[in-house]
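So the chains spell out like this:
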Amino acid sequence: MKPARAKTPRKPLVKKGSQTNFKDPVGVYCRVRPLSFPDQECCIEVINNTTVQLHTPEGYRLNRNGDYKETQYSFKQVFGTHTTQKELFDVVANPLVDDLIHGKNGLLFTYGVTGSGKTHTMTGSTGEGGLLPRCLDMIFNSIGSFQAKRYVFKTNDRNSMDIQCEVDALLERQKREAMPNPKTPSSKRQIDPEFADMINVQEFCKAGEVDEDSVYGVFVSYIEIYNNYIYDLLEEVPFDPIKPKWNTCSTPMRNTEFILPQSKMLREDKNHNMYVAGCTEVEVKSTEEAFEVFWRGQKKRRIANTHLNRESSRSHSVFNIKLVQAPLDADGDNVLQEKEQIIISQLSLVDLAGSERTNRTKAEGNRLREAGNINQSLMTLRTCMEVLRENQMYGTNKMVPYRDSKLTHLFKNYFDGEGKVRMIVCVNPKAEDYEESLQVMRFAEVTQEVEVARPIDKVICGLTPGRRYRNQARGGPVGDEPLVAEVVLQSFPPLPSCEILDINDEQTLPRLIEALEKRHHLRQMMIDEFNKQSNTFKTLLQEFDNAVLNKENYAQGKLNEKEKVISGQKLEIERLEKKNKTLEYKIEILEKTTTIYEEDKRNLQQELEAQNQKLQRQFSDKRRLEARLQGMVTETTMKWQKECERRVAATQLEMQNKLWVKDEKLKQLKAIVTEPKTEKPERPSRERDREKVTQRSVSPSSVPNAPPIRLRHRRSRSAGDRWVDHKPASNVQTETVMQPHVPHAITVSVANEKALAKCEKYMLTHQELASDGEIETKLIKGDVYKTRGGGQSVQFTEIETLKQESPSGSRKRRSSTVAPAQPDGTESEWTDVETRCSVAVEMRAGSQLGPGYQHHAQPKRKKP
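The structure displayed is predicted, hence computed values, not measured ones.

Trainee: If you had to explain the packing of aromatic side chains to someone new, which residues and values would you point to?
Mentor: Under the definition given, this model contains 9 aromatic pairs. Aromatic pair Tyr 222 and Phe 294: ring centres 5.0 Å apart, planes at 35°, arrangement tilted. Taken together, the residues span a long stretch of sequence, with Tyr 222 in strand β12 (residues 214-226) and Phe 294 in helix α6 (residues 287-298) at a distance of 72 residues. Considering the side-chain rings of Phe 291 and Phe 294, the 5.2 Å spacing of their centres and the 50° angle between planes classify their relative orientation as tilted.

Trainee: Tell me about the sheet that holds strand β5 (residues 70-74), and please be specific about residues and values.
Mentor: Read across the open sheet, the 3 strands follow the order β3-β4-β5; overall the sheet is antiparallel. A strand with exactly one partner marks an edge of an open sheet, and here the two such strands are β3 (44-48) and β5. Direction aside, neighbouring strands of the sheet carry axes that sit 25° apart on average. Along the sheet, helix α11 (residues 434-447) makes contact with β3, β4 (51-55) and β5, crossing β4 at roughly 145°.

Trainee: Outline the pattern of salt bridges, supporting the account with residue identities and numerical values.
Mentor: Taken as a whole and judged by the stated rule, the model has 25 salt bridges. One salt bridge connects Glu 386 with Arg 382, and the closest N-O pair in it is separated by 3.5 Å. Linking Glu 386 with Arg 382, this pair stays in helix α8 (residues 366-394), spanning 4 residues, or about one helical turn. For Arg 382, a relative accessible area of 17% puts it in the buried group. Put simply, Arg 647 and Glu 643 hold a salt bridge, and the shortest N to O gap is 2.9 Å. Here Glu 643 and Arg 647 lie together in helix α14 (residues 508-674), a separation of 4 residues that amounts to about one turn. The exposure class of Glu 643 is buried, given its relative accessible area of 19%. A single network of salt bridges, built from pairs that share partners, joins Lys 642, Lys 761 and Asp 783.

Trainee: So what's going on with the packing of helix α4 (residues 131-143) against α6? Residues and values would help.
Mentor: Direction vectors running N to C along α4 and α6 enclose 150°, while the axes themselves pass 9 Å from each other. In terms of orientation, α4 and α6 fall into the roughly antiparallel class. Once α4 is placed against α6, the crossing between them reads as right-handed. Seen from α4, the contacting residues are Leu 132, Pro 133, Leu 136, Asp 137 and Phe 140; seen from α6, they are Thr 287, Ala 290, Phe 291 and Phe 294. Considered class by class, the residues forming the contact of α4 with α6 number 7 nonpolar, 1 polar and 1 charged.

Trainee: Quick rundown of empty space enclosed by the protein? Include the residues and the values.
Mentor: Sizing a probe to match a water molecule and rolling it over the atoms shows the empty space that remains. Tallied over the full model, the rule gives 7 cavities of 30 Å³ or more. Approximately 70 Å³ is the volume found for the largest cavity. Around the largest cavity, the lining residues are Leu 107, Phe 109, Val 350, Leu 352, Leu 381, Leu 407, Thr 408, Phe 411 and Phe 415. Elements with a minimum of two residues in the lining of the largest cavity: β7 (106-112) and α9 (406-410). Partitioned by chemical class, the residues of the lining of the largest cavity number 8 nonpolar, 1 polar and no charged.

Trainee: Let's hear about a nonpolar patch on the surface: which residues, and what values?
Mentor: On the surface, Leu 666, Leu 669, Ile 672 and Val 673 cluster together into a nonpolar patch covering about 430 Å² of accessible area. Mapped onto the elements, Leu 666 comes out in helix α14. Since its relative accessible area comes to 55%, Leu 666 is described here as exposed.

Trainee: A description of the side chain of Ser 348 should follow, citing residues and the corresponding values.
Mentor: Secondary-structure assignment places Ser 348 in strand β20 (residues 343-351). A polar side-chain atom of Ser 348 sits 2.7 Å from a polar atom in the side chain of Asn 320.

Trainee: Hey, could you go over the nonpolar core for me, with residue numbers and the actual values?
Mentor: If you look at the biggest cluster of nonpolar residues, it comprises 53 residues, and the most contacted ones within it are Phe 75, Phe 411 and Met 441. Residues within four places of Phe 411 in sequence aside, it is in contact with Leu 107, Val 318, Ser 348 and Val 350.

Trainee: Could you give an account of the pairing of β12, naming the residues involved and the relevant values?
Mentor: Within β12, 13 of the 13 residues are buried, which leaves the element mostly enclosed by the surrounding structure. Burial of β12 is two-sided: the residues Ser 214, Tyr 216, Val 218, Val 220, Tyr 222, Glu 224 and Tyr 226 facing one way and the residues Val 215, Gly 217, Phe 219, Ser 221, Ile 223 and Ile 225 facing the other way are all buried. In terms of strand pairing, β12 meets strand β19 (residues 316-327) through 12 bridges, oriented antiparallel. Following the sheet pairing, Tyr 216 is matched in β19 by Gln 325. With 3 bridges connecting them, β12 and strand β16 (residues 282-284) associate as antiparallel partners. In the strand pairing of β16, Phe 219 is matched with Glu 283. By the bridge criterion, 4 bridges tie β12 to strand β13 (residues 229-232) in an arrangement that is antiparallel. Across the sheet, Glu 224 pairs through a bridge with Tyr 231, a residue of β13.

Trainee: Describe the packing of helix α2 (residues 85-101) against α4, and please don't skip the residues or the numbers.
Mentor: The geometry of α2 relative to α4 is characterised by a closest axis approach of 9 Å and an angle of 45° between their N-to-C directions. It follows that α2 is oblique to α4 by the angle criterion. The chirality of how α2 crosses α4 is right-handed. Listed contacts from α4 to Gln 85, Lys 86, Leu 88, Phe 89, Ala 93, Asn 94, Val 97, Asp 98, Leu 100 and Ile 101 of α2 are Leu 131, Arg 134, Cys 135, Met 138, Ile 139, Ser 142 and Ile 143. The class makeup of the residues in the contact of α2 with α4 is 11 nonpolar, 3 polar and 3 charged.

Trainee: Can you lay out α2 for me, pointing to particular residues and giving the numbers?
Mentor: Where α2 bends most, at Ala 93, the angle is about 50°, and the proline Pro 95 comes one to four residues later. Along α2, the residues that are buried comprise Gln 85, Leu 88, Phe 89, Val 92, Ala 93, Asn 94, Leu 96, Val 97, Asp 99, Leu 100 and Ile 101. Gly 103 sits one or two positions beyond α2 and adopts a positive phi of about 85°.

Cut-offs applied
- Residues numbered from 1 in each chain as written.
- Predicted model: local features only at pLDDT ≥ 70, side-chain atom pairs only at ≥ 80, totals over all residues.
- Heavy atoms only, no water.
- Phe/Tyr/Trp six-rings, centres within 6.5 Å; stacked < 30°, edge-to-face > 60°.
- Helix = DSSP H or I, 4+ residues; strand = E, 2+ residues; numbered from the N terminus.
- Pairing = 2+ DSSP bridges.
- Axes fitted to C-alpha atoms, helices over the stretch in contact; angles between N-to-C directions.
- Contact = heavy atoms within 4.5 Å.
- Salt bridge = Lys/Arg side-chain N within 4 Å of Asp/Glu carboxyl O.
- Buried < 20%, exposed > 50% of the residue type's maximum accessible area, 1.4 Å probe, protein only.
- Parallel < 35°, antiparallel > 145°, perpendicular 65-115°, else oblique.
- Left-handed = near helix turned anticlockwise from the far one by under 90°.
- Nonpolar A, V, L, I, M, F, W, Y, C, P; charged D, E, K, R; others polar.
- 1 Å grid on protein atoms, 1.4 Å probe; cavity = no way out; pocket = protein on both sides within 12 Å on 5 of 7 lines; lining within 4 Å.
- Points joined across faces, edges and corners; volume = space filled by probe spheres on them.
- Patch = residues over 30% accessible without salt bridge, like charges linked within 9 Å, V, L, I, M, F, W, Y side chains within 5 Å.
- Areas by Shrake-Rupley, 256 points an atom, 1.4 Å probe, with all protein chains shown as cover.
- Polar contact = N/O pair within 3.5 Å; in protein donor to acceptor, adjacent residues only side chain to side chain.
- Core = buried A, V, L, I, M, F, W, Y, C linked by side-chain atoms within 4.5 Å.
- Bend = angle between axes of the 7 residues up to and from the residue.

In short, geometric facts, not functional conclusions.
Shown next as structure tokens:
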């Protein structure tokens, strides 16, 4: 499988003083302080040298419904409770000091909650110096013999340095020494016993590869950021800071607040670096001097007693160590008087105030305001880190809110690529600090994902190395020759006195001549010995030259052989490169061919899938059509079966009616023929009529021998099924004797789907006005079918017509009183029937839709 091609990363912006190809993440280290009491509950456990784990305390779990959660956080290195200050310094601060000596900036700050050991880590304690004194000791151990004289470097107000010549520097020293209270500490003073044990570092530490052709100067400054204001802790105030304020009446005020010194402003120099304008910078020449300056400012730093810490820092402190480096001139005598050649590097050691919650510190008044400003500045620092990480990870260009806090505004250059950044996260493992420690861990997790551009190396240009030691050699004895001449002169016999006091003195000159002859003889012997040794040395030198020549010839031969081998290997490499290019070309062709085949295969697969889908659609349409045709065939078959049954029934009914009419006529004719004229024809009894009616119940009788008519409903032919009797509300109720009646019917005024779903038959009662002015009622019948969509449909099959007619005027109703009496004294049934029933019912074949009933008046048959 061909590996996926990685996405090209976004090209970062090129910033001043940074290398575009290299970036280093912010180094985040964790230090766990030991518990104050052995029986305290612990919530932090060191897993290994890079990982710590946070446990939820018992009380916290009870308050959170038993929620138990363990979280692990990774760091560049984790220092446990038994870590010494030396081990911490070697890993964290030593590389920063080495970079400082080589002209690179560095930032080291401690971060954590109140009482987590930040100040102890930075400053140290009695007998165990912290990172700050160890950094100073390493600096002066490395540049101690290469320091420039005091006041050769002079600070200015533009965050840069000026160079003074030796004479100006001497005058400056004399001027400062003449002052009654010099600001610059003297190395001749006795060390303050209060901090003597802190700077007594037993381990000797020194940077490697120090430029010996340069001179160095060390300047320190100490500031604090209190309530988002910057104050200079080394500034000499014109009043005693331990006295309270005085009002205009020269009486002390009641409050005990001290007069605050003037706050300082942040400015930007020509290189766009931020600095504190007007800040005091003191030149120091030893570790003791530098720490004495620090200790003087430390006494002015604001601390207070809170519920969590007896001496809690109420401000962020920044101790800056500025190292100035300038090259010596070409002779190696004096500092090169070119300001452009000065290299200034700075190491900032920051002790951040602890983040805290006011409900735990019980802070009120000024302490509460201080805590709010501390938390706000730390929150701004966290926000800047989050925005930097988001810009680097997602390629966005959001503005980093450095200016929201003096702390972040002062160090924005470090995060823009002006030096290395290191952070030591100090944590207290006690259970009471669990929530604060959790927030600190999350901030550390965000910070170590931020990358800072690596600064470039600053090189001093144009001068030959080794100038310092060559100058020292010229200033002292010139080699070993004067020493050899002195030894030779001492080996000669001493000359006698050359003073002649008497003219007759004959001993002085002979002794002098003898001494000179001895010296001459000794000199001649020494010359001979020298010549002999010279010849021997020449011989040895010639032999050495021959040996060197032989070795050179041998080396040249070997070199030629190696060159031949290298030439052969180069030819082989060229051949392999050509072969490799050929294979790469073939691979490229094969990849293109494979791509074409894969494209064809993909197209064919798509076409095959399209054909399969088309066949499936056709098959589905075919099955749907078959089901539809099957349903239509079944429906048509049932329809025609019903139509045939209806037609057969209609034909049978018509034939029965005709046969019945003929039988009745024959019976009437037979009765007329057989009955005597004097006797009145007897009407069949009611029992016989009922039997006839029962036998011919299809249609009511239209002859006078029908039974007495009573008010009843005519039963529908399809009474066995369940019907929907649809009678519109506009229908008129007729008062005819015979009314259509369907049992088990659901009577509705408006047809609805619910009623149709429960029945198999449907009947619509429709009324209209006939041509003779009478109301004609039509019963339209049909079958109810269920559709495929879940609904119902009605197919009409027949129509029954109910028509009411009035008897004609020529036919008069015979009164029952005129009828002759029966022999038994009862009233004639025939007369009673003729009187009560004036309408006969005759059945006839209906229209094409099926048989129907039609009511019409029939003339009454007169009795003979």
